[in-house]
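One letter stands for each residue in the lines below.
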Amino acid sequence: MKGLLIISSLGLVAMLAEIFKVKKLLLPITLLGLVAAYALNFLEWKNGMSISYFDNMVGFDKPAIAFSGIIIATAFFWFILANDYFEKDSNLTDHFALVLFAIVGSLMLTSFKNMTTLFLGIEIMSIPLYVLAASKKGDIKSHEAGFKYLIMGSFASAFLLFGIALIYGACGSFDLGEISTYIASKSGDIPLFFYVGVMMMLIAMCFKVSAAPFHFWAPDVYEGSPTLITALMSTIVKTAAFAAIMRLFLIGFAGVSEVWTGILALIIDLSLIIANFSAAMQNSVKRMLAYSSISHAAFMLMVILANVRSNISIDALVYYSLAYSIGSITAFGVLYNVTRGGNENIDAFNGLSKRNPLLALCMAIAMLSLAGIPVTAGFFAKYFVFTTMIGTSFKWLLILAILTSAIGAYYYLKVIIAMYFKPNTEQQTVPVETSNTAVIMITTILTVVIGLSPGFIAQMFKF
Amino acid sequence: MLIVLLILFPLLASLILFFSKTSNSRNLALFFASVEFVLSLVVFLQYKSNPGSAQLSYSCEWVESLRINFSVGVDGLSLLMVLLSTFLVPIILLTSFKNTYENSHNFYGLILLMQMALVGVFVANDGFLFYVFWELALIPIYFICLLWGGENRGVITFKFFIYTLFGSLFMLIGLIYLYNHTNLDGMKSWAVQDLYDAGRSLSASQQGAVFWLIFIAFAIKMPIFPFHTWQPDTYVVAPTQGTMLLSGIMLKMGTFGTIKWLLPMVPLGLEKWGGTAVGLSVIGIIYASIIAISQKDFKRLIAYSSIAHVGLISAGILSANQQGIQGAIMQMLAHGVNVVGLFFIADILLRHTGTREIDKLGGIRNMNGNFAVLFLIVLLGSVALPLTNGFIGEFLLINGVYQYSSMMAAFAGLTVILGAVYMLRSYQNIMLGERKDSNLSFGALAASDKAVLIIICTVIIAFGVYPKPLNDLAEQGAKTIIELMK
């Protein structure tokens, strides 16, 4: 909770910085603030109490704090990566504020206890991102991305609101706890429009995590936005959206799971197939990562589908988010540095192992992790998903997940092959700032460490 | 602790090589690999004197919450496999002395990394650990083939990687399924013994499903017909040392896995589906032999002959009787040594004459008699002549398959005849007669080449004449498995 407050005030400071001319100090202040937020978050974790604030509008229980931790840590790395991106820009302070407010929204999504907070969280997170997606001035693709994102996002918000309204109509409350008691007490006697509401919310949330068939915006938006904003969207936003889905469906609507599991299985199905086949055909690495993020979304949705209302499935989701976030930060960090010249196709990576061996190595490890090869973090993430799924009646989804994982290996390897095997076509070296190298190296090391001792992390996130 | 050292030492050695960047990396690698071989001999002696020694097994917690242990140990079977790989790796390194590779420190580092994963696969006593080493072995060999391979390696190694990864994931699901059925004082467990128990508690149809989930991974690795399509291309395109690792040792991961991680786990599944699997293996023997006969490239011919050999091995294993399994173990050792020898000969031919095309060679015996003799010995080992190392294994294998089904044995036995046909014919075309191309010349062998061939030939003859020490271990290993299956 204190983390949420700190980051909100950081956002305000960033807006005021324009007036008080402390632009230079903004980055250090933000980083310090994030460290403080993380530390306070960690202390709350240590205390182990779950406290609700503001008349039960938000509540920081253990899963919420765990997800917040991942988001704050990712944000910290992201700001370091982004330092020179901000420098080039004249509207520095606005950008800072927008990103910080997006993070505030994400934190609200991890901890909402009430449908209104959920809606507020989604809007606070999304609106800055619409602006940021379009922030590459004069680039038509970026404008298109922002516009598309806005339209699609508003659609999803409308669905969400409608769903909330229907559910409110049935049970007379926005409170998650009360909704689940309503379901428990009225079993068999629930009006049809309640289920319609649940479906609408499911659709809206799937929009946000870009699961197929609601994914059409994702590749264009990911490609058009500035690379770092794409990194933000595919890490922090994804993690937050999944935390929200988990809360909504595993706590709120768990009682009516028979209504939504079938549809969700279908969505996962489509996501796995469409995402992996499309990713395999992409030439642009950024688009490839966009599709791959859809496939990872399908994996995380599987955990929700398994609906083991025990710790295992929350564990699995937290671990997956962590592994995916750090893997993506590495991948996008490398991508950002490699594609400075503007060429975002896979041949930009040709011969990277000669031009910058360190960057190539980090990228290779990130790709192996995203493909789920042991002993990287991505492997254990997949492993946890498999273990939660194997106890359910959706075993056929597992087989599909394996088949599509093999396709996944194909397109991740394509990057590795380009780096190590294709001859140089670009300029000789890739200049990388020390701070960027540091972040990329830290996240790479984390990928391996978490892969080598998943027990340590699993221990940490025991609920 | 000794056994942990056996895994850690090559890992450490490979790291040293990666970072040393010395130009002398191959000598350094050879030194490390020899030390590793000596270490494995120490383990062997320990095992001989006291099989229950605490030095020979080790266990500690790796991921406590998932009950995954770093648990390793040797028995007769795994000890033989460890010996095979620690013996072959120095030989393989020695074969590279006449080739120069770019960035050789990475090349040799990857080979040693591969050795670490292979030894890990053979000694793992924890299902999860086994899987991790199994997957880990794929990464170095993939890079070896990708970075130092021949023409068109991008596409081919791709296929190889994805094919094997695909199989492994099925195995993972099979293992997780078994893990979910383990029950050790109310907790789950990854220990091999508990997985055996879990497997046996399943119903016949469940066991059948697990059988296929796990067997597919092994079948792809070996490879068994119809999962073999990655193999010939990959073998041909890989650098010689990569081919040797793939065929000499990595192939044995599949057969070893079938013996240790499949047979005792799902006896009912085996009963139900074993016949089909043996059938596929036998089809593979005949199919690969016939294709081998018509091959023009000698290296490709050996690749197909390897499919035929491994088909017989897997038929023997799946027959699941004492002779079959014992023969399979013996044949795995013999095939490992012989196939490395054959691939090396293909490499020597290419280096001296610039071609591996059987039809373009000829009359080499007149130019280099020593080479002709050494080649002949390796070849006779490969066609399993009595008094060579290949004989005892093949004999036991056919015996084992015969006990399972005389019909299958009749077809499997064709391998003896067909093997002789393609091997002797290629020898005749390559070595005997007059040279077909007047430009063809074949000088004296280099010292390191000669050393390798002489070592291999010595092993072929020595263990053909006196197979007892290995055979005792193999017999014991087979007995343990048969016991477990009851």
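Scroll up to find the structure.
Scope of this entry: the structure provided in the associated data block. Here the structure is a predicted model, which is why all the values come from computation and not from measurement.

Some thoughts on the packing of helix H12 (residues 267–293) of chain B against helix H18 (residues 406–431) of chain B
Residues and elements named next belong to chain B.
- Across the interface, H12 lies against H18 with an axial gap of 9 Å and an inter-helix angle of 20°. Comparing the axis directions of H12 and H18 gives the class roughly parallel. H12 and H18 meet at a crossing whose hand is left-handed. Here H12 contributes Gly275, Val278, Gly279, Val282, Ile285, Ile286, Ser289, Ala292 and Ile293 to the contact with H18, which in turn contributes Met408, Phe411, Ala412, Leu414, Thr415, Leu418, Val421, Tyr422 and Arg425.
- Grouping the amino acids of the contact of H12 with H18 by side-chain chemistry returns 13 nonpolar, four polar and one charged.

Focus on the pairing of strand E1 (residues 57–63) of chain B
Residues and elements named next belong to chain B.
- Taken together, the six bridges between E1 and strand E2 (residues 68–73) define a ladder with antiparallel strand orientation. Across the sheet, valine 63 pairs through a bridge with isoleucine 68, a residue of E2.
- Joining the antiparallel neighbours E1 and E2 is a turn of four residues, in which arginine 67 adopts a positive phi near 60°.

Focus: the packing of aromatic side chains
- Enumeration over the complete set of coordinates arrives at 59 aromatic pairs over all chains.
- Seen in terms of ring centroids, Phe375(B) and Tyr427(B) are 5.0 Å apart; in terms of plane orientation they differ by 75°. Their pairing is edge-to-face. Here Phe375(B), found in helix H16 (residues 369–382), pairs with Tyr427(B), found in helix H18; they are 52 residues apart in sequence, far enough to count as distant. Exposure class is identical for Phe375(B) and Tyr427(B). Each is buried.
- Clustering of aromatic rings is evident, with ring pairs tying together Tyr319(A), Phe379(A), Phe380(A), Tyr383(A), Phe384(A), Trp62(B), Phe128(B), Tyr131(B), Tyr179(B) and Trp190(B).
- Its end group placed over the ring of Phe97(B), Arg26(B) keeps NZ or CZ at 5.2 Å from the ring centre.

Re the side chain of Asn389(B)
All names here are of chain B.
- Looking at the element boundaries, asparagine 389 is found in helix H17 (residues 389–404).
- Here asparagine 389 falls in the buried class, since its relative accessible area comes to 7%.
- At 3.4 Å, the side chain of asparagine 389 and the side chain of asparagine 338 are in polar contact.
- Beyond its immediate stretch of four places on either side in the chain, asparagine 389 contacts Ala334, Val337, Asn338, Gly381, Val459, Ile460, Phe463 and Gly464.

Quick notes on a nonpolar patch on the surface
- Together, Met407(B), Phe411(B), Leu414(B), Val416(B), Ile417(B) and Val421(B) line one region of the surface with nonpolar side chains, adding up to about 500 Å² of accessible area.
- Tracing the chain through its elements places Val416(B) in helix H18.

A word on helix H16 (residues 357–371) of chain A
Residues and elements named next belong to chain A.
- Over its 15 residues, H16 extends 21 Å from the first C-alpha to the last, a length consistent with the 21 Å expected when each residue adds 1.5 Å.
- Residues Leu359, Ala360, Cys362, Met363, Ala364, Ile365, Ala366, Met367, Leu368, Ser369, Leu370 and Ala371 constitute the buried set of H16.
- Phi turns positive, to about 85°, at glycine 372, one or two residues after H16.

Focus: the side chain of Asp347(B)
All names here are of chain B.
- Along the polypeptide, aspartate 347 turns up in helix H14 (residues 322–353).
- Judged by relative accessible area, aspartate 347 falls into the buried class, the value being 8%.
- Setting aside residues up to four positions removed in sequence, aspartate 347 forms contacts with Asn99 and Thr240.

Section: the pattern of salt bridges
Residue and element names in this part refer to chain A.
- Across all of its chains, the model carries 13 salt bridges over all chains by this definition.
- Across the pair aspartate 220 and lysine 148 runs a salt bridge, and its minimum N-O distance is 2.4 Å. Here aspartate 220, found in helix H10 (residues 217–224), pairs with lysine 148, found in helix H7 (residues 140–171); they are 72 residues apart in sequence, far enough to count as distant.
- Classification of lysine 148 by relative accessible area gives partly exposed; the value is 28%.
- Between arginine 287 and aspartate 220 there is a salt bridge, and its shortest N-O distance comes to 3.2 Å. Taken together, the residues span a long stretch of sequence, with arginine 287 in helix H13 (residues 285–306) and aspartate 220 in helix H10 at a distance of 67 residues.
- Overlapping salt bridges bring together Lys141, Glu144, Lys148, Asp220, Glu223 and Arg287 as one network.

Digging into the environment of Lys136(A)
Residues and elements named next belong to chain A.
- Within the secondary structure, lysine 136 sits in the loop between helix H6 (115–133) and H7.
- The partly exposed category is assigned to lysine 136, whose relative accessible area is 33%.
- Considering only alpha carbons, one finds lysine 136 and threonine 429, 293 residues apart in sequence, at a separation of 26 Å.
- Setting aside anything within four residues of it in sequence, one finds lysine 136 in contact with Ser142, His143, Gly224 and Pro226.

What about the interface of chain B and chain A?
- Contacts between the two partners involve 32 residues from chain B and, on the opposite side, 32 residues from chain A.
- Across the interface of chain B and chain A, roughly 3,000 Å² is buried in total on both sides, 86% from carbon and sulfur atoms.
- The largest share of the area that chain B buries against chain A comes from Phe158(B), Leu169(B) and Ile173(B), three residues that together contribute 17% of it.
- Linking chain B to chain A there are zero salt bridges.

A closer look at helix H20 (residues 468–485) of chain B
- Its 18 residues place the ends of H20(B) 25 Å apart at the C-alpha level, agreeing with the 26 Å of an ideal helix rising 1.5 Å per residue.
- The complete set of buried residues in H20(B) reads Leu470(B), Asn471(B), Leu473(B), Ala474(B), Gly477(B), Ala478(B), Ile481(B), Ile482(B) and Met485(B).

About the cut-offs
Residues numbered from 1 in each chain as written. Chains lettered and ligands numbered in written order. Predicted model: local features only at pLDDT ≥ 70, side-chain atom pairs only at ≥ 80, totals over all residues. Heavy atoms only, no water. Axes fitted to C-alpha atoms, helices over the stretch in contact; angles between N-to-C directions. Helix = DSSP H or I, 4+ residues; strand = E, 2+ residues; numbered from the N terminus. Parallel < 35°, antiparallel > 145°, perpendicular 65-115°, else oblique. Left-handed = near helix turned anticlockwise from the far one by under 90°. Contact = heavy atoms within 4.5 Å. Nonpolar A, V, L, I, M, F, W, Y, C, P; charged D, E, K, R; others polar. Pairing = 2+ DSSP bridges. Phe/Tyr/Trp six-rings, centres within 6.5 Å; stacked < 30°, edge-to-face > 60°. Buried < 20%, exposed > 50% of the residue type's maximum accessible area, 1.4 Å probe, protein only. Lys NZ or Arg CZ within 6 Å of the ring centre and 35° of its normal. Polar contact = N/O pair within 3.5 Å; in protein donor to acceptor, adjacent residues only side chain to side chain. Patch = residues over 30% accessible without salt bridge, like charges linked within 9 Å, V, L, I, M, F, W, Y side chains within 5 Å. Areas by Shrake-Rupley, 256 points an atom, 1.4 Å probe, with all protein chains shown as cover. Salt bridge = Lys/Arg side-chain N within 4 Å of Asp/Glu carboxyl O. Expected span 1.5 Å × (residues − 1). Buried area = accessible area lost by both parts, 1.4 Å probe.

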